[in-house]
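Here is what each chain is made of, one letter per residue.
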Amino acid sequence: MGQVELQNVKKSFGSVDVIKDISLDIKDGEFVVFVGPSGCGKSTLLRMISGLETMSEGTVGIAGRDVTDVQPSEREIAMVFQSYALFPHISVRDNVAFGLKIAGLPKEEIDAKVAKTSEILGLEKLLDRKPRELSGGQQQRVAIGRAIVREPAVFLFDEPLSNLDAALRVQMRIELIKLHASLDATMIYVTHDQVEAMTMAERIVVLRDGRVEQFDTPVRLYDRPQNLFVAGFIGSPKMNFVKASPGESGAVLLANKVSKSIPGVVQDQLTPNMQLGIRPEHITYSHDSGDWQGTVTVEEQLGSDAFLYVDVPEIGQVTVRAVDERSFTRGDTIFLSFDPERCHLFNDDEQRIN
Ligand SMILES: Nc1ncnc2c1ncn2[C@@H]1O[C@H](COP(=O)(O)OP(=O)(O)OP(=O)(O)O)[C@@H](O)[C@H]1O
Ligand SMILES: [Mg+2]
């Protein structure tokens, strides 16, 4: 049983509050990703769960036990860092077995566990090599192996793939997802890469400046971001934002005097200085008519996808996903519209309205 419960957890370094009252309930067997910009407190929060960092306030529970004052080695966790921290002078086999030897397990038991772990991770042929004789991806697998042999209730990963090249990252990402499925363990994974978060997580914690902005499934974060920060952080290319103000009878007034009723929004929810968010794939475009007129400045071909970057004088740059043969190139005049059913309205407190 590997559920993780954080209750009103806080951390200050001197007078600087780094984690500001976080409570989270992570289920047994769940794959949860902490994501957020650099310095928002992801590693600190993970280290507090591991016990490597003390807490200023609050409690941590692992597998139903309050471990707030329990040593890291007694918490039933295993942590994998960005730097693999393998021992360079001993073999892969001994690196994987290290923790078990320290714990004083009998040799046969160690051998059996190392064999099983190597099989899971495809390390069998590498066991007699030294870490320097391995590629980055292989070294990372050894680091993960060292965590797996200990059969922890909870795995903690801090940006474990960030030293790998792009192709290897994608491959290791898939291996970790498979590993999670086969081990049935709870995994908490830190990254600042929202694509990694979206593809790996069952639920994502979006952190900003020591607070949880939203804790939700990837689909919910994408479809119903609860605030302006999450809306702008999740999604690539980013969501477009258009300034909005209260209009007639519950409608919102946008650039170029465009007035739209947004489903689910009533007059008294409207505030000054609202922002309307529209994802690039929810903007429609045409050669001759629409809400806004602009000029295509960049046409970006990604192979499976294409994006147009459009300069609209009243708004600024708008990103549009190009979906069909109605091709536009740089310098073309383009008209843009959007579907009010597929947009996101945020009030002057940056909170979602619709
Ligand atoms: N030992 C420390 N003493 C003082 N400040 C610290 C200490 N450790 C971290 N901080 C500060 O706490 C904040 C959060 O740091 P943390 O390492 O948790 O961020 P992060 O989200 O993991 O960032 P990154 O994506 O860059 O790894 C940062 O502003 C950092 O400078
Ligand atoms: Mg970090």
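Located above this text is the structure these notes cover.
Let me begin by describing the structure that accompanies this report. Keep in mind it's a predicted model, so treat the numbers as computed, not measured.

## Section: the overall build of the protein chain
Stage number 1. For the protein chain, the helix and strand inventory stands at 8 helices and 20 strands.
Stage number 2. By principal-axis analysis of the C-alpha atoms, the protein chain measures approximately 75 × 45 × 35 Å.
Stage number 3. Looking at the protein chain as a whole, 49% of its 354 residues are labelled buried.
Stage number 4. If you take every contact in the protein chain between residues at least 6 apart in sequence, the share linking residues at least 24 apart comes to 66%.
Stage number 5. Element-wise, carbon and sulfur atoms account for 47% of the exposed surface of the protein chain, whose accessible area totals about 17000 Å².
Stage number 6. Of the charged side chains in the protein chain, 38 are positive and 51 negative; the average position of the first set lies 5 Å away from that of the second.

## Section: the site of ligand 1
Stage number 1. Every residue near ligand 1 is listed here: Phe13, Val18, Pro37, Ser38, Gly39, Cys40, Gly41, Lys42, Ser43, Thr44 and Glu159.
Stage number 2. Measuring from an oxygen atom of ligand 1, one finds a side-chain N or O atom of Ser38 at 2.5 Å.
Stage number 3. Measuring from an oxygen atom of ligand 1, one finds a side-chain N or O atom of Lys42 at 2.8 Å.
Stage number 4. Within the complex, 55% of the 640 Å² of free accessible area of ligand 1 lies under protein.
Stage number 5. The dominant element in the shell around ligand 1, judged by the number of residues it contributes, is helix α1 (residues 42-50), at 3 residues.
Stage number 6. Counted by class, the shell around ligand 1 contains 4 nonpolar, 5 polar and 2 charged residues.

## Re the environment of Val265
Stage number 1. Locating Val265 in the fold gives a position in the loop between β13 (258-260) and β14 (274-278).
Stage number 2. Sequence separation between Val265 and Gln317 is 52 residues; the distance between their C-alpha atoms is 26 Å.

## Digging into the packing of aromatic side chains
Stage number 1. For the structure shown, the criterion picks out 8 aromatic pairs.
Stage number 2. A centroid spacing of 6.1 Å and a plane angle of 50 degrees characterise the contact between Phe31 and Tyr189, whose relative ring orientation is tilted. Note that Phe31 is positioned in strand β3 (residues 31-35) and Tyr189 in strand β8 (residues 186-191), a separation of 158 residues in sequence.
Stage number 3. Of the residues examined, Phe31 reaches a relative accessible area of 1% and is grouped as buried.

## Quick look at the pairing of strand β7 (residues 154-158)
Stage number 1. Among the 5 residues of β7, 5 are classified as buried, and the element is accordingly described as predominantly covered.
Stage number 2. Of the pairings in the sheet, the one linking strand β6 (residues 77-80) to β7 comprises 4 bridges and is parallel in character. Within β7, the position partnered with Ile77 by the bridge is Val154.
Stage number 3. Inspection of the sheet shows β7 paired to β8 by 5 bridges, in the parallel sense. Among the inter-strand pairings, Val154 is bridged to a residue of β8, identified as Thr186.
Stage number 4. Between the parallel pair β7 and β8, the chain is carried across by helix α5 (residues 166-183), and the sense of this crossover is right-handed.

Cut-offs used in this document
- Residues numbered from 1 in each chain as written.
- Chains lettered and ligands numbered in written order.
- Predicted model: local features only at pLDDT ≥ 70, side-chain atom pairs only at ≥ 80, totals over all residues.
- Heavy atoms only, no water.
- Helix = DSSP H or I, 4+ residues; strand = E, 2+ residues; numbered from the N terminus.
- Buried < 20%, exposed > 50% of the residue type's maximum accessible area, 1.4 Å probe, protein only.
- Contact = heavy atoms within 4.5 Å.
- Areas by Shrake-Rupley, 256 points an atom, 1.4 Å probe, with all protein chains shown as cover.
- Lys, Arg positive; Asp, Glu negative; His and termini not counted.
- Charge placed at Lys NZ, Arg CZ, Asp CG, Glu CD.
- Near = heavy atom within 4 Å.
- Polar contact = N/O pair within 3.5 Å; in protein donor to acceptor, adjacent residues only side chain to side chain.
- Nonpolar A, V, L, I, M, F, W, Y, C, P; charged D, E, K, R; others polar.
- Phe/Tyr/Trp six-rings, centres within 6.5 Å; stacked < 30°, edge-to-face > 60°.
- Pairing = 2+ DSSP bridges.
- Right-handed = clockwise from strand over helix to strand, strands pointing away.

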